[in-house]
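Given next are the chains, with one letter for each unit.
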Amino acid sequence: MDLNADLGEGFGHWTLGDDRALLSLVTSANIACGYHAGDADTMRETCTLAAESGTAVGAHVGYNDLAGFGRRFVDVAPDTLTNEVLAQLGTLSTFARVAGTRISYVKPHGALYNTLVRHEAQADALVDAVRMFDPTLAVLGPPGAVWLKRASVAGLRVWHEAFADRAYTSSGTLVPRTEPGAVLRDPAEIAARCVQLATEGWIRSTTGRPVRIQADSICVHGDTPNAVSIARAVRTALETAGVTVARVESPLRHTRQPA
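Residues numbered from 1 in each chain as written. Predicted model: local features only at pLDDT ≥ 70, side-chain atom pairs only at ≥ 80, totals over all residues. Heavy atoms only, no water.

**Student:** Can you walk me through empty space enclosed by the protein in this structure?
**Tutor:** The rolling of a water-molecule-sized probe over the atoms marks out the regions of remaining empty space. On inspection of all chains with the given rule, the structure shows one cavity of 30 Å³ or more. The space that makes up the largest cavity amounts to roughly 50 Å³. Of all the elements in the fold, those that place two or more residues in the lining of the largest cavity are strand S6 (157-163) and helix H7 (187-200). The element that contributes the greatest number of residues to the lining of the largest cavity is H7, accounting for three residues. Tallied by class, residues from the lining of the largest cavity come to nine nonpolar, no polar and one charged. (1 Å grid on protein atoms, 1.4 Å probe; cavity = no way out; pocket = protein on both sides within 12 Å on 5 of 7 lines; lining within 4 Å. Points joined across faces, edges and corners; volume = space filled by probe spheres on them. Helix = DSSP H or I, 4+ residues; strand = E, 2+ residues; numbered from the N terminus. Nonpolar A, V, L, I, M, F, W, Y, C, P; charged D, E, K, R; others polar.)

Structural data, given as structure tokens:
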């Protein structure tokens with residue numbers, strides 16, 4: 001099982017999360033590309049740390065919404081969204097190359113991530129951007145998302161993920177952050193859920209109903225206050241349960257999902 005985290009989400013004098021500590025625990029890093037968070041200094045430093053730790057680098061692309069941290073829907077024209085994603089990929093790719101590594105995959109952030117579950121026009125726009133920039137890149141997102149289906153049809157590699165520290169509804173969707181209990185805090189509880197997901201393929205929803213989730217990767221949010229404790233508990237629990245924690249692109253972990 002791959003373990004990923006959202007990193008590099010500082011900007012200017014504002015810092016968020018302990019990227020160095022998380023990079024010692026996760027196997028893939030979703031690095032902000034300057035639109036929802038991240039600046040030149042932060043991107044270069046995070047890419048350098050990821051290269052040093054052998055962590056896969058993913059482009060965490062988002063809406064052009066620094067003020068809202070990319071968590072607000074933006075009704076952007078598809079062509080503009082394609083160009084904005086291309087700009088983000090180009091910027092992060094440069095810093096990754098300078099650090100001696102490369103972008104391996106693309107994961108949308110925040111509101112864009114949620115919008116692409118159903119929004120066909122924006123889904124096509126993102127797929128177009130990835131395909132034009134580098135069709136060998138993989139894409140990471142939730143099972144059943146429209147954009148992942150379009151990506152698979154376009155010939156892109158598709159990886160599915162689940163969230164360690166987020167609650168799920170009985171329909172298998174994330175509980176909105178505006179609702180109580182949407183973000184989980186207890187490392188032991190989260191770790192147990194992740195082991196269940198990795199070994200049995202399901203987790204318990206807020207109603208108590210089991211929900212099946214296909215996942216190649218589990219995400220720990222870097223901006224959760226105790227993210228390091230959560231990531232450490234999850235990794236320890238997975239390895240104790242006999243689950244190999246490794247990058248998705250590893251030959252032992254590589255999966256190509258059907259259309």
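**Student:** Would you mind going over the packing of H7 against helix H8 (residues 227-240) with me for this structure?
**Tutor:** Any two packed helices are characterised by how steeply their axes cross, that is the angle between the axes, and by the distance between the axes. The interhelical angle for the contact between H7 and H8, taken along N-to-C directions, is 40°, at an axis separation of 8 Å. Compared by their axis directions, H7 and H8 come out oblique. With respect to the hand of their crossing, H7 and H8 are arranged in right-handed fashion. Residues Pro187, Ile190, Ala191, Cys194, Val195 and Ala198 of H7 form the contact with H8, whose participating residues are Ser229, Ile230, Ala233, Val234, Ala237 and Leu238. Class assignment of the residues belonging to the contact of H7 with H8 gives a composition of eleven nonpolar, one polar and no charged. (Axes fitted to C-alpha atoms, helices over the stretch in contact; angles between N-to-C directions. Parallel < 35°, antiparallel > 145°, perpendicular 65-115°, else oblique. Left-handed = near helix turned anticlockwise from the far one by under 90°. Contact = heavy atoms within 4.5 Å.)

**Student:** Would you explain the pattern of salt bridges in this entry?
**Tutor:** Side-chain pairs of opposite charge can arise where the charged atoms are in close proximity. In total, this model carries eight salt bridges according to the counting rule given. Of the charged contacts, one joins Asp6 and Lys107 as a salt bridge, the two residues approaching to 3.5 Å between their closest N and O atoms. Residue Asp6 is found in strand S1 (residues 2-7), and its partner Lys107 is found in strand S4 (residues 103-108); the two are separated by 101 residues along the sequence. When the shortest N-O distance is used, the salt bridge between Arg150 and Asp124 registers 2.6 Å. With Arg150 in helix H6 (residues 146-153) and Asp124 in helix H5 (residues 120-133), the pair connects residues that are 26 residues apart, well separated along the chain. A single network of salt bridges, built from pairs that share partners, joins Asp6, Lys107 and Glu161. (Salt bridge = Lys/Arg side-chain N within 4 Å of Asp/Glu carboxyl O.)

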